[in-house]
Amino acid sequence: MRWNKYTIETTTAAEDYMSAMLMDLGIMGVEIEDKVPLTREEQADMFIDFLPELPPDDGVSHVSFYLEDDGTDKRKLLKQVKTALEELRRTVEVGSGMITSSQTEDLDWINNWKKYFRSFYIEDILIKPTWEEIKPEDTDKFVIEIDPGISFGTGKHETTQLCIRQLLKYMKNGAPSQKVLDVGCGSGILSIVALKLGARAVVGTDLDADCLISTRDNMAVNHLDERAGTFYIGNLIDDTTLQQKVGTGYDIVVANILADVIIPMAPVIPGCLKEGGYFITSGIIDFKEEEVRAAIEVAGLTVVEINHQGEWVGITARK
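Residues numbered from 1 in each chain as written. Predicted model: local features only at pLDDT ≥ 70, side-chain atom pairs only at ≥ 80, totals over all residues. Heavy atoms only, no water.

K.L.:
Let's hear about the overall build of the protein chain: which residues, and what values?
P.N.:
Along the protein chain, the regular secondary structure elements total 11 helices and 14 strands. Split into buried and exposed, the 319 residues of the protein chain put 45% on the buried side. Accessible surface, the protein chain: about 16300 Å² in total, of which carbon and sulfur atoms supply 51%. (Helix = DSSP H or I, 4+ residues; strand = E, 2+ residues; numbered from the N terminus. Buried < 20%, exposed > 50% of the residue type's maximum accessible area, 1.4 Å probe, protein only. Areas by Shrake-Rupley, 256 points an atom, 1.4 Å probe, with all protein chains shown as cover.)

What follows is the structure, given as structure tokens:
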């Protein structure tokens, strides 16, 4: 199988914005090349004794994405990319914005990335890939094992970390045995965190059937009873049958998705929450913070916290 590779010449300042823009268009796999030096923390996480010397950072970045060369017409999607790119210029300096294309052979993307995913901490939670052995000094830690497979959610991304920190805060301070709804469950990492923090039950939804497989597999790896989690495929925004299945009375609704999904979904969330319940959400690029906040408040929820990590924003609201 062959793939078409499209590369956008942009600036390092626009990298996260560009990634978010592509995700909004349904393009999930993004590759970034720049000359920004690695931090000490990043170097410590790599299996490399000597790093190659890079030329000085010139502020230029190349953001690439791949589309399968399956004979279908990609012109409409590429036109949407170009239009969104021009709209992005109002927010950040995107540089030339020139798009070039090339072809590449099929790669084992599902497994090649694993060399970059190593154990790490979020607060006092150790998140460990399933293929890595646990260290003797970590045997008594709060451990979560994850294999995302082809689903989103290693815990490394800033948006996932923002959600996990809020789950730690509001589940520790709340009543025990809470009921949690995980919208856009992906690999199941937030559902698993909630269950390990004492949730009596978790309900999850996602648009992708593969996510349910990943979630079930990761629950089993973490020795969680599959009966503690119920998961559905569908769009909570407008699928009334799914809304009925999901039900109401949740102590916490957590959603690590995109701003353009959170906004139309906001009116549905109060109906899912019990009085005093919390809506924890992230996946919000910083320039969409006010738009998302406004949608949450119009839906009738009170924003109690806004947190930032890198270019990303997490919002916590209360019913």
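K.L.:
Describe the packing of aromatic side chains, naming the residues involved and giving the relevant values.
P.N.:
Going through the model one piece at a time under the given rule, you end up with 3 aromatic pairs. Their ring planes at 20° and their centres at 5.2 Å tell us that Y17 and F287 sit as a pair that is stacked. Taken together, the residues span a long stretch of sequence, with Y17 in helix α1 (residues 15-24) and F287 in the loop between β12 (273-285) and α11 (289-298) at a distance of 270 residues. Accessibility expressed as a relative area gives 34% for F287, which makes it partly exposed. Pairing Y170 with Y278 gives two aromatic rings, centres 4.4 Å apart and planes at 40°, and the pair type is tilted. Placement of Y170 in helix α5 (residues 158-172) and of Y278 in strand β12 is noted, with a sequence separation of 108 residues between them. This pair shows no difference in class: Y170 is buried, exactly as Y278 is. (Phe/Tyr/Trp six-rings, centres within 6.5 Å; stacked < 30°, edge-to-face > 60°.)

K.L.:
Outline the nonpolar core, supporting the account with residue identities and numerical values.
P.N.:
Ranked by internal contacts, the top residues of the largest apolar core, which has 30 residues, are I164, V180 and I252. At the level of elements, β5 (120-122), β6 (125-129), β7 (142-146), α5, α6 (189-196), α7 (209-221), β11 (250-256) and β12 are the ones that each hand at least two residues to this core. Discounting chain neighbours no more than four positions away, the residues touching V180 are M171, A194, A199, A201, V202, V203, Y250, I252 and V254. Counting 26 residues, the second-largest nonpolar core is a separate cluster that includes V183, A255, I257 and V268. (Core = buried A, V, L, I, M, F, W, Y, C linked by side-chain atoms within 4.5 Å. Contact = heavy atoms within 4.5 Å.)

K.L.:
Tell me about the layout of surface pockets, residues and numbers included.
P.N.:
By volume, the second largest pocket is sized at about 230 Å³. Along the walls of the second largest pocket sit M21, D24, L25, A84, E87, L88, R90, T91, F287 and K288, which together make up its complete lining. Those elements giving two or more residues to the lining of the second largest pocket turn out to be α1 and α3 (75-88). Looking at the lining of the second largest pocket residue by residue, the classes come out as 5 nonpolar, 1 polar and 4 charged. (1 Å grid on protein atoms, 1.4 Å probe; cavity = no way out; pocket = protein on both sides within 12 Å on 5 of 7 lines; lining within 4 Å. Points joined across faces, edges and corners; volume = space filled by probe spheres on them. Nonpolar A, V, L, I, M, F, W, Y, C, P; charged D, E, K, R; others polar.)

K.L.:
Lay out the sheet that holds strand β8 (residues 179-183) in plain terms, naming residues and giving numbers.
P.N.:
The 7 strands lie next to each other as β10-β9-β8-β11-β12-β14-β13, forming an open sheet whose pairing is mixed. The two strands at the open ends of the sheet, each matched to only one other strand, are β10 (229-233) and β13 (302-309). Direction aside, neighbouring strands of the sheet carry axes that sit 15° apart on average. The pairing of β11 with β12 spans 6 bridges and is classified as parallel. In the sheet register, N256 faces β12, and the bridge partner there is S282. (Pairing = 2+ DSSP bridges. Axes fitted to C-alpha atoms, helices over the stretch in contact; angles between N-to-C directions.)

K.L.:
Help me get a handle on unusual backbone geometry, residues and values and all.
P.N.:
The phi angle at H223 is positive, at roughly 60°, despite the residue not being glycine. Mapping H223 onto the fold places it in the loop between α7 and β10.

K.L.:
Talk me through the packing of α1 against α3; I want residue IDs and the actual numbers.
P.N.:
Here α1 crosses α3 at 140°, and the two axes come no closer than 10 Å. Of the possible angle classes, the one that applies to α1 and α3 is oblique. α1 and α3 meet at a crossing whose hand is right-handed. On α3, the residues touching Y17, M18, M21 and L22 of α1 are V81, A84, L85 and L88. In terms of residue class, the contact of α1 with α3 is made up of 8 nonpolar, no polar and no charged. (Parallel < 35°, antiparallel > 145°, perpendicular 65-115°, else oblique. Left-handed = near helix turned anticlockwise from the far one by under 90°.)

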